[in-house]
Amino acid sequence: MDVGSRIRSAVPLRVAVLGSTGSIGASTLEVIAASDGEFVPFLLAAHRRTDLLLAQARAYLPQWIVVLDPAAALAMDRTGVPAETQVAVGPEALDELVQAPEIDRVVAAIVGAAGLRSTWAALEAGKTVALANKETLVMAGPLVMELAERSGGTIIPVDSEHSAIHQALRAGSADEVVRIVLTASGGPFRLRAVETLVSVTPAEALKHPTWSMGPKITIDSATMMNKALEIIEARWLFGVPAEKLGVLVHPQSIVHSMVEFIDGSVVAQMSPPDMKLPIQYALSYPQRLAGVARRFDFSQSMHLEFAAPDPQRFPAVGLGYAAAARGGTCGAVLNAANEEAVRGFLEGELRFTDIAEVCARVLDEHPFQPDPSLDDVRRLDAWARQEVVKWACV
Ligand code: NAD
Ligand code: MG
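Residues numbered from 1 in each chain as written. Chains lettered and ligands numbered in written order. Predicted model: local features only at pLDDT ≥ 70, side-chain atom pairs only at ≥ 80, totals over all residues. Heavy atoms only, no water.

Structural notes on the overall build of the protein chain
Per the secondary structure count, the protein chain includes 15 helices and eleven strands. In terms of C-alpha radius of gyration, the protein chain reaches 20 Å, essentially the compact-globule figure of 21 Å for 394 residues. Expressed along its principal axes, the backbone C-alpha trace of the protein chain runs to roughly 55 × 55 × 40 Å. Counting every position in the protein chain, which comprises 394 residues, the buried fraction comes to 56%. Taking the contacts inside the protein chain whose residues are at least 6 apart along the sequence as the reference set, 67% of them involve residues at least 24 apart. Of the roughly 17,000 Å² of accessible surface on the protein chain, 54% is carried by carbon and sulfur atoms. Looking at the protein chain, you have 34 positive and 46 negative side-chain charges, and the mean spots of the two groups are 2 Å apart. (Helix = DSSP H or I, 4+ residues; strand = E, 2+ residues; numbered from the N terminus. Rg over C-alpha atoms; globule rule 2.2 N^0.38 Å. Buried < 20%, exposed > 50% of the residue type's maximum accessible area, 1.4 Å probe, protein only. Contact = heavy atoms within 4.5 Å. Areas by Shrake-Rupley, 256 points an atom, 1.4 Å probe, with all protein chains shown as cover. Lys, Arg positive; Asp, Glu negative; His and termini not counted. Charge placed at Lys NZ, Arg CZ, Asp CG, Glu CD.)

Spelled out as structure tokens, the structure:
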């Protein structure tokens, strides 16, 4: 089989990359560059790193760049903007631009709760969104899925586990699914003595054994809060109850997730750990294209391990199950508390083990609402952050 051949589309797919200066953003631009004109960047948006955004604009010549932080936009040297490119500033401008009819696919790769509004705007306009920003579904899963349904928008997951599940689900029908198993690398502290986790430093937690990612998700991988968020993401994205979702620690990060069907068949998606593959899948779906991502070398022997996560080492996983089962405002509160706690840990205000502890407390004490509006979600997001700050001060 010639793996280099593919069916070319008649017209290029025009892509908006939200969070282009991040880890997923940079990998997306690599996928675009390797696509031989199949994908072209229409818009690049970033928060503060205008030097990198300008370098990307000069390399990719998008129609638009959007600087989300007004102060950074003010300080930006506009002589570096290519003649082909227009500049817009601030989140409101992005909300409007992301709905432009010229955009075929939106890569939502802003980190954290800040990614919700532009993802929402894209879906409102009926766009197909390649979703890396899992926080959108964690915070407001039912509202986001309902919006997509109403507007004709589509979400294709970029998160490697959810991309794997999306691919595996193509092997059967929804009523044939018994269980979905998300895999997790276990991060850098899978084997470290549990009683020493309290003294983990940010530098230690930022060293991930198999994936190279932005700082927030790297800390989330070390606590396994990332898996908690992914359980909630899967619950809404695939419409499966929490009890049908399992988690296994798989240190090799080769099997990205699995789906078990009623006949006992388990369909897994495997590939070397490289986010360019799920990004490309989300851009080319329902087609597959010759890949830019790393491939297996089957001449090397391969060893795959799976184990249940230890609840003492990774208490965050239980919070994910609880939030996915109870729904309502739980996802938004857990997400916001975690974002604030991760910031606190990276800035030396909280210990590593405080992250899950404070999240559990805030989740437990929050004024639960079963059927929140987007305003309720935003209000409780702000409330949860305040609670973490208060907790850190005592
Ligand atoms: P990153 O920190 O490397 O990049 C974040 C991007 O978001 C940057 O472009 C930055 O400019 C932008 N940004 C940051 N704060 C912002 C704000 N307040 N307003 C607007 N834009 C802002 O993060 P990443 O690792 O690329 O992750 C991006 C998203 O993808 C996250 O939601 C993460 O959970 C998800 N994800 C990442 C990976 C990975 O391998 N990196 C894998 C799966 C899912
Ligand atoms: Mg993931």
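From this point, the narrative continues.
Notes on the sheet that holds strand β7 (residues 154–157)
With parallel pairing, the seven strands of this open sheet are ordered in space as β4-β3-β2-β1-β5-β6-β7. With partners counted over all chains shown, the strands left at the sheet margins are β4 (86–89) and β7, one partner each. Strand-to-strand twist in this sheet, taken as the mean axis angle between neighbours without regard to direction, amounts to 25°. Where strand β6 (residues 128–131) lies against β7, four bridges are found, and the strand directions are parallel. Looking across to β7, one finds that A130 is bridged to I156. Where helix α2 (residues 50–60) meets the sheet, its contacts fall on β2 (39–46) and β3 (64–67), and the angle it forms with β3 comes to roughly 175°. (Pairing = 2+ DSSP bridges. Axes fitted to C-alpha atoms, helices over the stretch in contact; angles between N-to-C directions.)

Topic: the site of ligand 1
The full set close to ligand 1 counts 23 residues, and T21, S23, I24, E135 and G214 are the nearest of them. A distance of 3.2 Å separates an oxygen atom of ligand 1 from a polar backbone atom of G19. For ligand 1, whose free accessible area comes to 830 Å², the fraction covered by protein is 86%. Within the shell around ligand 1, the residues separate by chemical class into twelve nonpolar, eight polar and three charged. (Near = heavy atom within 4 Å. Polar contact = N/O pair within 3.5 Å; in protein donor to acceptor, adjacent residues only side chain to side chain. Nonpolar A, V, L, I, M, F, W, Y, C, P; charged D, E, K, R; others polar.)

A few points about the side chain of Q280
Looking at where Q280 falls in the secondary structure, it is placed in helix α11 (residues 276–284). Excluding residues within four positions of it along the chain, Q280 makes contact with V31, L289, A290, G291 and V292.

Here's the deal with the pattern of salt bridges
Applying the stated criterion across every chain yields a total of 23 salt bridges. Two residues, R14 and D104, come together in a salt bridge whose shortest N-O distance is 3.3 Å. Of this pair, R14 sits in strand β1 (residues 13–18) while D104 sits in the loop between α4 (91–97) and β5 (105–108), and the two are 90 residues apart along the sequence. Taking the relative accessible area as the measure of exposure, R14 reaches 33% and is therefore partly exposed. Since its relative accessible area comes to 28%, D104 is described here as partly exposed. Through salt bridges with shared partners, one network takes in K134, D159, E161, K227 and E230. (Salt bridge = Lys/Arg side-chain N within 4 Å of Asp/Glu carboxyl O.)

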